[in-house]
Amino acid sequence: MPEEDLRVEIKALDLPPYSLSLSFCLSPGTQKICLIILNQPLEKDYLHTHWSKDLLRACADGEANQLYVITAGQRDSFLPDYISGDFDSITAEVKAFYTEKECQLTERSDQELTDFTKCLAIMVDEIKRQPLQVDTIVTLGGLAGRFDKTLASVETLYHALNMTQLPLVVLQECSLAYLLRPGRRHRLGVNTGLEGKWCSLIPIGGPCRTHTTGLKWNNDNQVLQFGRLVSTSNTYEPVTQGDQRKPLTVTMDQPLLWSMGICRDKKLHHRPGCSTLCQHGGTTIYSQWWIVGCKSTVWNPAPMLLHRSLLTDNIHHRRLVAP
């Protein structure tokens, strides 16, 4: 089929709309969510936000070690429904503890699948068996550290397309990733209050013809493909201060990886990206930290040295060090 015909076809497709509010992945609220935690550094804020509200909670193998350590003193409040994997990473002490607490330990020795994929397969079976009404599966971890493990997480997202119709969202540090399923007109609610500046659409599996709205640099039925064009370092359509950001839409003919920045620390100015203060000897010290994206004036209760100030994309980045 000529390329021009393809352009008309993809733009005119009458596809069913599919909406996903990404704010519920960051703060579940009334959403019905199941949780998987992977064998990477575990962040307490994400863990505490999700644990008590999620319907089903699972650990992939060695992540049980980190859960055991990070919940010291309150472990009985953080017992996973099951732990799965080939158990080559979990320690004997941790395995014995969760066994005594009657957590389900399911050994899967298949070396052709990652612990993430195996853990997801069990979760999908459990959702069907109980049965549970679930809106989203959220995974903590999988996007930091070793590059090959990050790609392994993306590969599991592709497996998930054939395993379940539920959206599978991966969160770690300042990033969120979600593989968009073709055959739908996706409507993504990105007005989370925590969204960062950047977002991207990455054609991991191959060429993907894409049409978007709501981005600063939209794709008008263009082909995204490595070696041709990828939509990284994109951002959102500008909005007037005080207005809410509208959902963006994505239509494509192949699976497409959506990722976006998350600004998690709002403790100083109640704005995304601000760091907390450090108290030392009654004096507030700003030590080797960054204020990113703060639009209000920097609070200065103690003398400080403005080490460097630069303006990038209309956002001030200031590095502050103790005098």
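See the structure above.
A few points on the structure. (Residues numbered from 1 in each chain as written. Predicted model: local features only at pLDDT ≥ 70, side-chain atom pairs only at ≥ 80, totals over all residues. Heavy atoms only, no water.)

## What about the overall build of the protein?
Across its full length, the protein holds seven helices and 20 strands. Sequence separation of 24 or more characterises 63% of the internal contacts of the protein that already satisfy a separation of 6 or more. (Helix = DSSP H or I, 4+ residues; strand = E, 2+ residues; numbered from the N terminus. Contact = heavy atoms within 4.5 Å.)

## Describing the sheet that holds strand S4 (residues 82–85)
As summarised here, the arrangement of the ten strands in space is S5-S4-S3-S2-S6-S7-S8-S15-S10-S13, forming an open sheet in which the pairing is mixed. The sheet is open, and its two edges are formed by strand S5 (104–107) and strand S13 (231–234), each paired on a single side. Neighbour to neighbour, the strand axes of the sheet diverge by 20 degrees on average, direction disregarded. One ladder, built from five bridges, connects strand S2 (residues 33–37) with strand S6 (residues 136–140); its direction is parallel. In the sheet register, Ile37 faces S6, and the bridge partner there is Leu140. Packing of helix H6 (residues 115–129) onto the sheet brings it into contact with S2, strand S3 (56–60), S4, S5, S6 and strand S7 (168–172), and relative to S3 it is tilted by some 155 degrees. (Pairing = 2+ DSSP bridges. Axes fitted to C-alpha atoms, helices over the stretch in contact; angles between N-to-C directions.)

## Some remarks on the packing of H6 against helix H7 (residues 147–163)
For any two helices packed against each other, the geometry comes down to the angle between their axes and how far apart the axes lie. In contact at an axis separation of 9 Å, H6 and H7 are set at 30 degrees when each is read in the N-to-C sense. Classified by the angle between their axes, H6 and H7 sit roughly parallel to one another. Pair H6 / H7 crosses with right-handed handedness. Residues Phe116, Thr117, Leu120, Ala121, Val124 and Lys128 of H6 form the contact with H7, whose own contacting residues are Ser153, Glu155, Thr156, His159, Ala160 and Met163. (Parallel < 35°, antiparallel > 145°, perpendicular 65-115°, else oblique. Left-handed = near helix turned anticlockwise from the far one by under 90°.)

## Some details on the pairing of S4
Residues Tyr82 and Ser84 line one face of S4 and the alternating positions Ile83 and Gly85 line the opposite face, and both faces are buried. Sheet analysis places S3 next to S4, joined by three bridges and oriented parallel. Bridging from a neighbouring strand, Cys59 pairs with Ile83 of S4. Chirality of the crossover, the property in question, places the unit of S3, helix H4 (residues 63–70) and S4 among those that are right-handed. In this structure, S4 lies alongside S5, joined through four bridges in parallel fashion. Its bridge partner lying in S5, Tyr82 is registered against Gln104. For the crossover from S4 across helix H5 (residues 92–100) to S5, the handedness is right-handed. (Buried < 20%, exposed > 50% of the residue type's maximum accessible area, 1.4 Å probe, protein only. Right-handed = clockwise from strand over helix to strand, strands pointing away.)

## Describing H4
Burial runs high along H4: six of the eight residues are buried. Within H4, burial applies to Glu63, Ala64, Asn65, Leu67, Tyr68 and Ile70. Residues of H4 that are buried sit in contact with S2, helix H3 (44–51), S3, S4 and H5.

## Re the environment of Gly183
Mapped onto the secondary structure, Gly183 falls in the loop between strand S8 (175–180) and strand S9 (185–189). Using a relative accessible area of 38% as the deciding quantity, one classes Gly183 as partly exposed. Expressed as a C-alpha distance, the spacing of Gly183 and Pro255, which sit 72 residues apart in the sequence, is 9.1 Å.

## With respect to the packing of H4 against H5
Where H4 meets H5, the closest approach of the two axes is 9 Å, and the angle between their N-to-C directions is 75 degrees. In terms of orientation, H4 lies roughly perpendicular with respect to H5. Across the interface between the two elements, Ala64, Asn65, Leu67 and Tyr68 of H4 pack against Glu93, Val94, Phe97 and Tyr98 of H5. When the residues that make up the contact of H4 with H5 are grouped by side-chain class, the tally is six nonpolar, one polar and one charged. (Nonpolar A, V, L, I, M, F, W, Y, C, P; charged D, E, K, R; others polar.)

## Side note on the environment of Thr91
Locating Thr91 in the fold gives a position in the loop between S4 and H5. The exposure class assigned to Thr91 is partly exposed, which follows from its relative accessible area of 36%. Taking the C-alpha atoms as reference, Thr91 lies 6.8 Å from Asn65; in sequence the two are 26 residues apart. Within the structure, Thr91 has its side chain in polar contact with the backbone nitrogen of Val94 (distance 3.2 Å). (Polar contact = N/O pair within 3.5 Å; in protein donor to acceptor, adjacent residues only side chain to side chain.)

## Brief notes about the nonpolar core
In a soluble, globular protein the nonpolar side chains are often hidden away together inside. Ranked by internal contacts, the top residues of the largest apolar core, which has 43 residues, are Leu67, Tyr98 and Trp258. Excluding its chain neighbours within four sequence positions, the residues that come into contact with Leu67 are Ile37, Leu42, Leu47, Trp51, Cys59, Phe78, Pro80 and Tyr98. Grouped together as the second largest cluster of nonpolar side chains are 27 residues, Ala58, Phe116, Leu161 and Ala177 included. (Core = buried A, V, L, I, M, F, W, Y, C linked by side-chain atoms within 4.5 Å.)

## Quick notes on the environment of Ile70
Mapped onto the elements of the fold, Ile70 is located in helix H4. On the basis of relative accessibility, which here comes to 18%, the residue Ile70 falls in the buried class. Ignoring any residue separated from it by four or fewer positions in sequence, one finds Ile70 in contact with Leu42, Lys44 and Leu47.

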